[in-house]
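Each chain, written out:
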Amino acid sequence: MEKEKYSTIYQAPYGLVIGELKKEMTKEDAVALGQKYCSENGFSYKGTYTGDEAVAALQSLIQKHTGAVH
């Protein structure tokens, strides 16, 4: 499995957050770590993505949440 840098998107009480994972890892490990973090901290897990994918996914989530179209 190829290792890459990933970011997890989650909903916290103060808004949507992109949390960058420190180490390169497989997608499966990154998803498991993101889900565990959210579960332990009471956040709503939204997904785990690579670089630009995370930004695009966050923008999409914000548009769905606010109903905004740009």
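Quick summary incoming for the structure in this document. (Residues numbered from 1 in each chain as written. Predicted model: local features only at pLDDT ≥ 70, side-chain atom pairs only at ≥ 80, totals over all residues. Heavy atoms only, no water.)

## Overview of the nonpolar core
Right, so step 1: One finds Y10, A12, V17, C38 and F43 forming the largest nonpolar core, which totals 5 residues.
Right, so step 2: Residues contacting C38, with those up to four places away along its chain left out, are Y10, F43, S44 and Y45. (Core = buried A, V, L, I, M, F, W, Y, C linked by side-chain atoms within 4.5 Å. Buried < 20%, exposed > 50% of the residue type's maximum accessible area, 1.4 Å probe, protein only. Contact = heavy atoms within 4.5 Å.)

## Re the pattern of salt bridges
Right, so step 1: Applying the stated criterion across every chain yields a total of 2 salt bridges.
Right, so step 2: Notably, a salt bridge pairs K5 with E20, separated by 3.6 Å at the nearest N-O pair. A residue pair is termed long-range when its members are at least 10 positions apart, and K5 in the segment before β1 (6-12) and E20 in strand β2 (residues 15-20) qualify at 15 residues.
Right, so step 3: Among the residues examined, K5 registers a relative accessible area of 33% and is labelled partly exposed.
Right, so step 4: One salt bridge in this structure joins E40 and K36, with 3.8 Å as the shortest N-O distance. With E40 and K36 both in helix α1 (residues 27-41), this residue pair falls 4 residues apart, about one helical turn.
Right, so step 5: For K36, a relative accessible area of 48% corresponds to the partly exposed category. (Salt bridge = Lys/Arg side-chain N within 4 Å of Asp/Glu carboxyl O. Helix = DSSP H or I, 4+ residues; strand = E, 2+ residues; numbered from the N terminus.)

## Thoughts on the side chain of T50
Right, so step 1: By the secondary structure assignment, T50 is in strand β3 (residues 44-50).
Right, so step 2: Residue contacts for T50: discarding those within four places in its chain leaves E4, K5 and Y6.

## Considering the pairing of β2
Right, so step 1: With 6 bridges connecting them, β1 and β2 associate as antiparallel partners. Pairing of S7 across the sheet is with E20, part of β2.
Right, so step 2: Turn length for the β1-β2 hairpin, with the two strands adjacent in sequence and antiparallel, is 2 residues. (Pairing = 2+ DSSP bridges.)

## Quick look at a negative patch on the surface
Right, so step 1: A surface patch of negative charge is lined by E2, E4, E24, D52 and E53.
Right, so step 2: Along the chain, E24 turns up in the loop between β2 and α1.
Right, so step 3: E24 sits in the exposed class, given a relative accessible area of 52%. (Patch = residues over 30% accessible without salt bridge, like charges linked within 9 Å, V, L, I, M, F, W, Y side chains within 5 Å. Areas by Shrake-Rupley, 256 points an atom, 1.4 Å probe, with all protein chains shown as cover. Lys, Arg positive; Asp, Glu negative; His and termini not counted. Charge placed at Lys NZ, Arg CZ, Asp CG, Glu CD.)

## A word on the sheet that holds β2
Right, so step 1: Spatial ordering of the open sheet is given by β2-β1-β3, a layout of 3 strands whose pairing is antiparallel. Lying at the two open borders of the sheet, with one neighbouring strand each, are β2 and β3. Across the sheet, the axes of successive neighbouring strands diverge by a mean angle of 20°, strand direction being ignored.
Right, so step 2: As paired strands, β1 and β3 are joined by 6 bridges and run antiparallel to one another. Across the sheet, I9 pairs through a bridge with G47, a residue of β3. (Axes fitted to C-alpha atoms, helices over the stretch in contact; angles between N-to-C directions.)

Interpretation in functional terms is not warranted from these geometric data alone.
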